[in-house]
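Results of the structural survey
Given next are the chains, with one letter for each unit.
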Amino acid sequence: MKFTAVSVLALAASASAFAPAPAASRNTQLAALKDDLANVGKAAVVGALAFGLAQEPAQALTKSQLNELSYLQVKGTGLANRCSEVIGEDTITPKSGSKLVDMCIEPKAWAVEEEIGKAGRTEKKFVNSKVMTRQTYTLEGIEGKLDVSGGSIVFSEKEGIDYAPTTVQLPGGERVPFLFTVKDLVAKGSGGAFKPGFQMGGDFSTPSYRTGLFLDPKGRGGTTGYDMAVALPGLQSGEEGDDELFKENNKTFDVTTGRIEMEVNKVNAEESEIGGVFVATQLSDTDMGSKVPKKVLTKGIFYAKVE
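Computed from a predicted structure; not experimentally measured.

Each value, and the rule that gives it
- Residues numbered from 1 in each chain as written.
- Predicted model: local features only at pLDDT ≥ 70, side-chain atom pairs only at ≥ 80, totals over all residues.
- Heavy atoms only, no water.
- 1 Å grid on protein atoms, 1.4 Å probe; cavity = no way out; pocket = protein on both sides within 12 Å on 5 of 7 lines; lining within 4 Å.
- Points joined across faces, edges and corners; volume = space filled by probe spheres on them.
- Disulfide = S-S within 2.5 Å.
- Helix = DSSP H or I, 4+ residues; strand = E, 2+ residues; numbered from the N terminus.
- Buried < 20%, exposed > 50% of the residue type's maximum accessible area, 1.4 Å probe, protein only.
- Phe/Tyr/Trp six-rings, centres within 6.5 Å; stacked < 30°, edge-to-face > 60°.
- Salt bridge = Lys/Arg side-chain N within 4 Å of Asp/Glu carboxyl O.
- Contact = heavy atoms within 4.5 Å.
- Core = buried A, V, L, I, M, F, W, Y, C linked by side-chain atoms within 4.5 Å.
- Polar contact = N/O pair within 3.5 Å; in protein donor to acceptor, adjacent residues only side chain to side chain.
- Pairing = 2+ DSSP bridges.

In this structure the tally under the stated criterion is three cavities of 30 Å³ or more. Considering only enclosed or pocket space, the largest cavity measures out at about 80 Å³ in volume. Around the largest cavity, the lining residues are Phe178, Leu179, Thr206, Pro207, Ser208, Tyr209, Asp254, Thr256, Leu283, Ser284, Asp285 and Thr286.

Moving on, we get to the state of the cysteines. Tallying each qualifying case throughout the model produces one disulfide. Between the sulfur atoms of Cys83 and its disulfide mate Cys104 the distance is 2.0 Å. Judged by the torsion about the S-S bond (-85 degrees), the Cys83/Cys104 disulfide is left-handed. Taken as a pair, Cys83 in the loop between helix 6 (71–74) and strand 1 (99–118) and Cys104 in strand 1 lie far apart in primary sequence, 21 residues in all. For the pair shown, Cys83 and Cys104 are each scored as buried.

We now examine the packing of aromatic side chains. Here the structure, examined in full by the defined rule, presents three aromatic pairs. When the ring of Trp110 is compared with that of Tyr137, the centres are 5.3 Å apart and the planes differ by 90 degrees; the resulting orientation is edge-to-face. In this pair, Trp110 is assigned in strand 1 and Tyr137 in the loop between strand 2 (121–131) and strand 3 (139–149), connecting sequence segments 27 residues apart. The two residues Trp110 and Tyr137 agree in class, both being buried. On the basis of an interplanar angle of 75 degrees and a centroid distance of 5.0 Å, the ring pair of Phe194 and Phe198 is categorised as edge-to-face.

Okay, the pattern of salt bridges next. Under the counting rule described, the total for this entry stands at 16 salt bridges. Salt-bridge contacts for Lys124 lead to Glu115; the nearest nitrogen and oxygen are separated by 3.3 Å. Residue Lys124 is classed as partly exposed on the basis of its relative accessible area, which comes to 26%. Here Glu115 falls in the exposed class, since its relative accessible area comes to 53%. As a salt-bridge pair, Asp287 and Arg210 come within 3.0 Å of each other at their nearest N and O atoms. With Asp287 in the loop between strand 10 (273–283) and strand 11 (295–306) and Arg210 in the loop between strand 8 (199–206) and helix 7 (239–243), the pair connects residues that are 77 residues apart, well separated along the chain. Looking at Asp287, the relative accessible area reads 21%, which means it is partly exposed.

Mapping Leu139 onto the fold places it in strand 3. Looking at Leu139, the relative accessible area reads 0%, which means it is buried. If we ignore the near neighbours within four places in the chain, the residues touching Leu139 are Met103, Cys104, Ile105, Ile161, Asp162, Tyr163, Ala164, Phe180, Thr181 and Val182.

Moving on to unusual backbone geometry. Backbone geometry at Asp287 places phi at a positive 55 degrees, although glycine is not the residue there. Positive phi outside glycine occurs at Met288, with the angle close to 60 degrees. By the secondary structure assignment, Met288 is in the loop between strand 10 and strand 11.

A few words on the nonpolar core. Formed by 36 residues in total, the largest nonpolar core has its most connected members in Leu100, Ile105, Phe194 and Ile274. By residue number, the principal contributor to this core is strand 1, which donates five residues. Apart from the residues within four sequence positions on either side, Ile274 is in contact with Val86, Ile92, Leu100, Phe194, Val264, Lys266, Val267, Phe302, Tyr303, Ala304 and Val306.

A separate point is the environment of Ser208. The topology assignment puts Ser208 in the loop between strand 8 and helix 7. Exposure remark for Ser208: the relative accessible area of 8% places this residue in the buried category. In this structure Ser208 touches Leu179, Phe253 and Asp254, once residues within four positions along its chain are discounted. Engagement of the side chain of Ser208 in a polar contact is seen with the backbone oxygen of Arg210, the distance being 2.8 Å.

Across the eight residues of strand 8, six count as buried, placing the element largely inside the fold. Inspection of the sheet shows strand 7 (residues 183–189) paired to strand 8 by five bridges, in the antiparallel sense. Among the inter-strand pairings, Lys183 is bridged to a residue of strand 8, identified as Ser205.

Turning our attention to the environment of Glu174. Note that Glu174 resides in the loop between strand 5 (163–169) and strand 6 (175–181). Judged by relative accessible area, Glu174 falls into the partly exposed class, the value being 39%. C-alpha of Glu174 to C-alpha of Ser129: the two residues are 45 residues apart in sequence and 9.8 Å apart in space. Every residue in contact with Glu174, bar those within four places of it in the chain, is listed here: Glu114, Val168, Gln169 and Lys294.

Pasting the structure below:
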């Protein structure tokens, strides 16, 4: 699928594609959001790539150039949080049993879906957000096997630094935490060779932002801590009294589904390197079950080596 001017409109159209179905409970809402992200079409996701991500950043360095730098030359420069540049427009045809190694996924822009009111009407749109996390949000060292099935490449992620807790801030000041990740990604390609224009995409798992050992300010946790807020026993005596604080007391470990689409635009056959751009959609943190998550869209670049 080639990019056209129509693809630019896909980001705006994705707001309606992502719209959750009405639900009476938090579990139903969360299930609806999972289905929304799992069913995102390529047109809605890849269309966001048209917003200026095809060009490499200024002063980008190749992998060999980065390897020549010492620790002190990299320290404090932000280079450790950046993906390498790939030079070339060659073709690499992997065989079954090959692997993608040293994969780096670097976000460049973030957007969060919000309800925007205008002329007495509200509609869902993705709002550009500012990253609040320091330069530790890039995924690095990811690897997985490559299979060639039916003439198409299939990449299955296995290990690496494949998650990064990240927080972005909306224009109004609200902060949205989420776990940027590609865990258990299975990405199916559009052909049997890596070359400029090659696309692959698939679903991945997004674990809970916090684990069961986390304790909230009231000492409540998923696998440890208090069952309820001990300072408020009068509000939790009986079924009706517990309804108001049930979500806060009943900690859950929510695993949701996200989706990523990638397009290769640079290939260096001599170094067995590929590079390109990506767009990923996933749900934000649920605060261990007490909040309905927001939809987060992340755009950036990636690098990988075929081995």
